[in-house]
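Chain and residue survey
Spelled out, the chains give:
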Amino acid sequence: MVRLHGRKGSSSAKRTGLSEMPVKRASRNAKNKDVFGQPRKAEKMFRAGLYARVSTTDQQTLSMQFRALREYTTKRDWTVVLRIKEVGSGVAQRELREKMLGAARRREINVVLVWRLDRWGRSLADLIVTLQELSELKVAFVSLTEAFDLTTPTGRAMAGLLS
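How each quantity is defined
Residues numbered from 1 in each chain as written. Predicted model: local features only at pLDDT ≥ 70, side-chain atom pairs only at ≥ 80, totals over all residues. Heavy atoms only, no water. Pairing = 2+ DSSP bridges. Helix = DSSP H or I, 4+ residues; strand = E, 2+ residues; numbered from the N terminus. Contact = heavy atoms within 4.5 Å. Axes fitted to C-alpha atoms, helices over the stretch in contact; angles between N-to-C directions. Phe/Tyr/Trp six-rings, centres within 6.5 Å; stacked < 30°, edge-to-face > 60°. Buried < 20%, exposed > 50% of the residue type's maximum accessible area, 1.4 Å probe, protein only. Lys NZ or Arg CZ within 6 Å of the ring centre and 35° of its normal. Salt bridge = Lys/Arg side-chain N within 4 Å of Asp/Glu carboxyl O. Expected span 1.5 Å × (residues − 1). Arc of directions from axis to C-beta. Core = buried A, V, L, I, M, F, W, Y, C linked by side-chain atoms within 4.5 Å. pLDDT = per-residue confidence, 0-100.

Attention shifts here to the sheet that holds strand 5 (residues 148-149). Strand order in this open sheet of five strands is 2-1-3-4-5, and the pairing throughout is mixed. Of all strands in the sheet, those bounded by a partner on one side alone are strand 2 (79-87) and strand 5. Pairing of strand 1 (residues 47-54) with strand 2 involves eight bridges; the strand directions are parallel. Counterpart to Arg47 in the pairing with strand 2 is Thr79. Sitting on the sheet, helix 3 (residues 95-105) is in contact with strand 1, strand 2 and strand 3 (111-114), with an inclination near 160 degrees to strand 2.

This is the structure in structure tokens:
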């Protein structure tokens, strides 16, 4: 019997007709690993490129950005293959960001992880152009603080709505 504001076997529990349900658990040694009759897809292993940028050298957020990015890759079980730290104004040509794009073009990485969208794009037009290029290369993009994650079907659908 389920206890409802009283002692075991109280009349209120008997009146409602509630009884305890046995807990159902999946067998640890099940022969079939399918989920709802569908084969389980193997988790894709991502090779991540981390990109952090600050505008001026006196900003202390570069280490904070990298710490958060590394924690995220650890939680997602991704392998970090490229780390880029860049200091400079948003309007200047970003040579190190071009290095990240070059790694994507060479298929060395398959996800770019940034702290915020404004850390990656110099302008809205630049952001859209680079995200389009990454999409054509089948390289995912994740912005940590805006919950913009193109590694998931929901994130890709959201990006489709924005384009």
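Looking now at the packing of aromatic side chains. As enumerated under the stated definition, the model contains five aromatic pairs in all. Here the aromatic rings of Phe141 and Phe148 are separated by 6.3 Å at their centres, their planes lie at 70 degrees, and the arrangement is edge-to-face. Owing to a relative accessible area of 0%, Phe141 belongs among the buried residues under this scheme. Through a chain of ring-to-ring contacts, the aromatic side chains of Tyr51, Trp120, Phe141 and Phe148 assemble into a single cluster. The ring of Phe66 has Lys85 lying over it, and the distance from NZ or CZ to the ring centre is 5.2 Å.

A separate point is the pattern of salt bridges. With the rule as written, the count across this model stands at six salt bridges. Linking Asp149 and Arg76 is a salt bridge whose minimum nitrogen-to-oxygen distance equals 2.8 Å. With Asp149 in strand 5 and Arg76 in helix 2 (residues 61-76), this residue pair connects regions lying 73 residues apart in the sequence. Taking the shortest distance from any N to any O, the salt bridge between Arg105 and Glu133 comes out at 2.6 Å. With Arg105 in helix 3 and Glu133 in helix 5 (residues 124-136), this residue pair connects regions lying 28 residues apart in the sequence. Taken together, the salt bridges that share partners define one network made up of Arg116, Asp118 and Arg119.

Another point: helix 5. Between its first and last C-alpha atoms helix 5 spans 18 Å; for 13 residues at 1.5 Å apiece the expected length is 18 Å, and the two agree. Within helix 5, the full set of buried residues consists of Asp126, Leu127, Thr130, Leu131 and Leu134. Projected down its long axis, helix 5 shows its buried positions confined to an angular sector of 125 degrees, all on one face. Opposite the packed face of helix 5, turned more than 90 degrees from it, sit the exposed residues Leu124, Ala125, Ile128, Val129 and Glu136. The inward-facing, buried residues of helix 5 contact helix 3, strand 3, helix 4 (117-120), strand 4 (140-143) and strand 5. Just beyond helix 5, the residue with positive phi is Lys138, at close to 60 degrees.

Grouped together as the largest cluster of nonpolar side chains are 19 residues, with contacts concentrated most on Met100, Ile109, Val112, Trp120, Leu134 and Phe141. For this core, the secondary-structure elements that each account for two or more residues are strand 2, helix 3, strand 3 and helix 5. Sort the elements by how many residues they give to this core and helix 3 lands first, with four residues. Once residues lying within four places of it in the same chain are set aside, the contact partners of Ile109 are Arg47, Ala48, Gly49, Val81, Leu82, Met100, Ala103, Ala104 and Val139. With 14 residues, the next largest nonpolar core counts Phe46, Leu50, Val54 and Ala140 among its residues.

Here the focus is the confidence of the model for the protein chain. In this model, the protein chain carries an average pLDDT of 76, and 65% of its residues clear a pLDDT of 70 or more. In the model of the protein chain, helix 1 (residues 11-16) stands out as the element of lowest mean pLDDT, 49, in contrast to strand 3, which has the highest, 94.

This part is about the pairing of strand 3. Burial of strand 3 is two-sided: the residues Val111 and Leu113 facing one way and the residues Val112 and Val114 facing the other way are all buried. Judged from the four bridges that link them, strand 1 and strand 3 form a sheet pairing that is parallel. The partner of Tyr51 across the bridge, within strand 3, is Val114. In this structure, strand 3 lies alongside strand 4, joined through four bridges in parallel fashion. Its bridge partner being in strand 4, Val114 is matched across the sheet by Ser143.

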